[in-house]
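One letter stands for each residue in the lines below.
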Amino acid sequence: METVYFDSIDTYNKLYGLPTRHPLVTVVDLKESRNIINNLKVKYGLYALFLKNGINCSLKYGRRQYDYQEGTIVSFAPGQSVEVVMKEGEISKDVIGLLFHPDLIYGTPLGEKIASFDFFDYSQMEALHLSESERAIFLDCLDKINAELDYPVDSHSASVLSANIQLLLEYLSRFYDRQFITRHKVNSEIVAQFERHLKEYYDAPVKGDGLGLPSVSEFANRANLSPKYFGELVKKETGMTTKTLIMQHMINVAKHRLAASSDDVSIIAYDLGFQYPAHFSRMFKRMTGQSPTEFRLLLEQN
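Residues numbered from 1 in each chain as written. Predicted model: local features only at pLDDT ≥ 70, side-chain atom pairs only at ≥ 80, totals over all residues. Heavy atoms only, no water.

Trainee: Which residues make up the environment of Ile-73, and what values do they have?
Mentor: With respect to the secondary-structure elements, Ile-73 resides in strand E7 (residues 72-76). On the basis of relative accessible area, Ile-73 is assigned to the buried category, the value being 3%. Residues Ile-73 and Leu-172, 99 residues apart in the sequence, show an inter-C-alpha distance of 9.2 Å. The contacts of Ile-73, once residues within four sequence positions are left out, are Phe-50, Leu-51, Ala-127, Leu-128, Leu-130, Phe-138 and Leu-172. (Helix = DSSP H or I, 4+ residues; strand = E, 2+ residues; numbered from the N terminus. Buried < 20%, exposed > 50% of the residue type's maximum accessible area, 1.4 Å probe, protein only. Contact = heavy atoms within 4.5 Å.)

Set out below in structure tokens:
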């Protein structure tokens, strides 16, 4: 399978036989492409968003493969890789997209905020599925960006383009919020599974390995989700971050150990995964307002 590195707008446009109107941003409609490309491995040096309007190709992301669905948006950030696999006998050009180079947004408000658009870090299995009204808004935003590309590049171009791109990304964030809400039943089951796995982790015989607390990535992997998407899902469902929930559960386990045993605080800290007891004591005090020793003494006095 051919591998292509999209490190510039022109590289992408040349591959698909499309014109380059601006060196750092392009709006593409693959129906206008002069080239047919069935299978391709892509590494991105650009930000990219694609709206797929048919169900006739799939993406392979890591070891997993999933079908594009009608009205589905997938997003990519610099450094990500993906395989585009066309189904046998099918050719899909019903794809509309936006690609922009990181250089476009340096020094702009979008450049300062781009890291907050977490969906660029979601796995492609966590694509955004649009309603008809959402699709219309997405296309309207693309039309505004496309219209700006008809103007000659001037001192205002980067500001106007980045502002319109930011508007589009803000809408996508809103649509993802809606998707989290409409998938409440499925998402609540994922959170319940996370809580079971967290309980099982600490119910297991103490390891005493001092290798650290369980990571968000560990629980996200169990749910077959990316850490960013998993974290956002948990926060939407519970109002708390996954890290906070892990720490709260760990504190509850620590309280039980402090109350039910005479084990030294350092032993408890080590059994919980802390390499240094002082780190455990600081976290315990931050979460409870008391040090582990103060907590134990108060229990003994009562």
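Trainee: If you had to explain the sheet that holds strand E4 (residues 47-52) to someone new, which residues and values would you point to?
Mentor: Within the open sheet, the 5 strands sit side by side as E2-E9-E4-E7-E10. Their pairing is antiparallel. Where the open sheet ends on each side, the last strands, each with one partner, are strand E2 (25-29) and strand E10 (128-129). Here 5 bridges tie E4 to E7, and the two strands are oriented antiparallel to one another. Considered in E7, the bridge of Phe-50 is made with Val-74. The sheet strands contacting helix H1 (residues 9-16) are E2, E4 and strand E9 (95-100), and the helix crosses E2 at an angle near 20°. (Pairing = 2+ DSSP bridges. Axes fitted to C-alpha atoms, helices over the stretch in contact; angles between N-to-C directions.)

Trainee: Pulling in residues and values, what's your account of the pairing of E4?
Mentor: Of all 6 residues making up E4, 6 are buried, and the element is well covered by its neighbours. Residues Tyr-47, Leu-49 and Leu-51 of E4 are buried on one face, and the alternating residues Ala-48, Phe-50 and Lys-52, pointing to the opposite face, are buried as well. The pairing of E4 with E9 spans 6 bridges and is antiparallel. Note that in E9 the partner of Leu-51 across the bridge is Ile-96.

Trainee: Tell me about helix H6 (residues 184-203), and please be specific about residues and values.
Mentor: Between its first and last C-alpha atoms H6 spans 28 Å; for 20 residues at 1.5 Å apiece the expected length is 28 Å, and the two agree. Of the positions making up H6, those classed as buried are Asn-187, Ile-190, Val-191, Phe-194, His-197, Leu-198, Tyr-201 and Tyr-202. Across the axial projection of H6, the buried residues extend over an arc of 125°, all falling on one side. In H6, those exposed residues whose orientation departs by more than 90 degrees from the buried face are Lys-185 and Asp-203. Residues of H6 that are buried in the fold lie against helix H5 (157-182), helix H7 (216-222), helix H8 (227-238) and helix H9 (242-260). (Expected span 1.5 Å × (residues − 1). Arc of directions from axis to C-beta.)

Trainee: Give me the packing of aromatic side chains: which residues, what numbers.
Mentor: Counted by the stated rule, this structure contains 19 aromatic pairs. Consider the rings of Phe-6 and Tyr-12, whose centres lie 4.9 Å apart with planes at 65°: the pair is edge-to-face. For the pair formed by Phe-6 and Tyr-12, the shared burial category is buried. Where Tyr-47 meets Phe-120, the ring centres are 5.1 Å apart and the plane angle is 65°; that geometry is what we call edge-to-face. Residue Tyr-47 is located in strand E4, and its partner Phe-120 is located in the loop between helix H3 (109-113) and E10; the two are separated by 73 residues in the primary sequence. Judged on exposure class, the residue Tyr-47 and its partner Phe-120 are both buried. Taken together, the ring pairs in this structure connect Tyr-47, Phe-100, Phe-117, Phe-119, Phe-120, Tyr-176, Phe-180 and Tyr-229 into an aromatic cluster. (Phe/Tyr/Trp six-rings, centres within 6.5 Å; stacked < 30°, edge-to-face > 60°.)

Trainee: Hey, could you go over the environment of Ser-8 for me, with residue numbers and the actual values?
Mentor: With respect to the helices, strands and loops of the structure, Ser-8 is situated in the loop between strand E1 (3-6) and H1. Classification of Ser-8 by relative accessible area gives partly exposed; the value is 22%. In the structure, Ser-8 is positioned 94 residues away from Pro-102 in sequence and 9.9 Å away in space, judged by C-alpha atoms. Contact partners of Ser-8, with chain neighbours within four places excluded, come to Leu-46 and His-101. A distance of 2.7 Å separates a polar atom in the side chain of Ser-8 from a polar atom in the side chain of Thr-11. (Polar contact = N/O pair within 3.5 Å; in protein donor to acceptor, adjacent residues only side chain to side chain.)

Shape descriptors only; they carry no functional weight alone.
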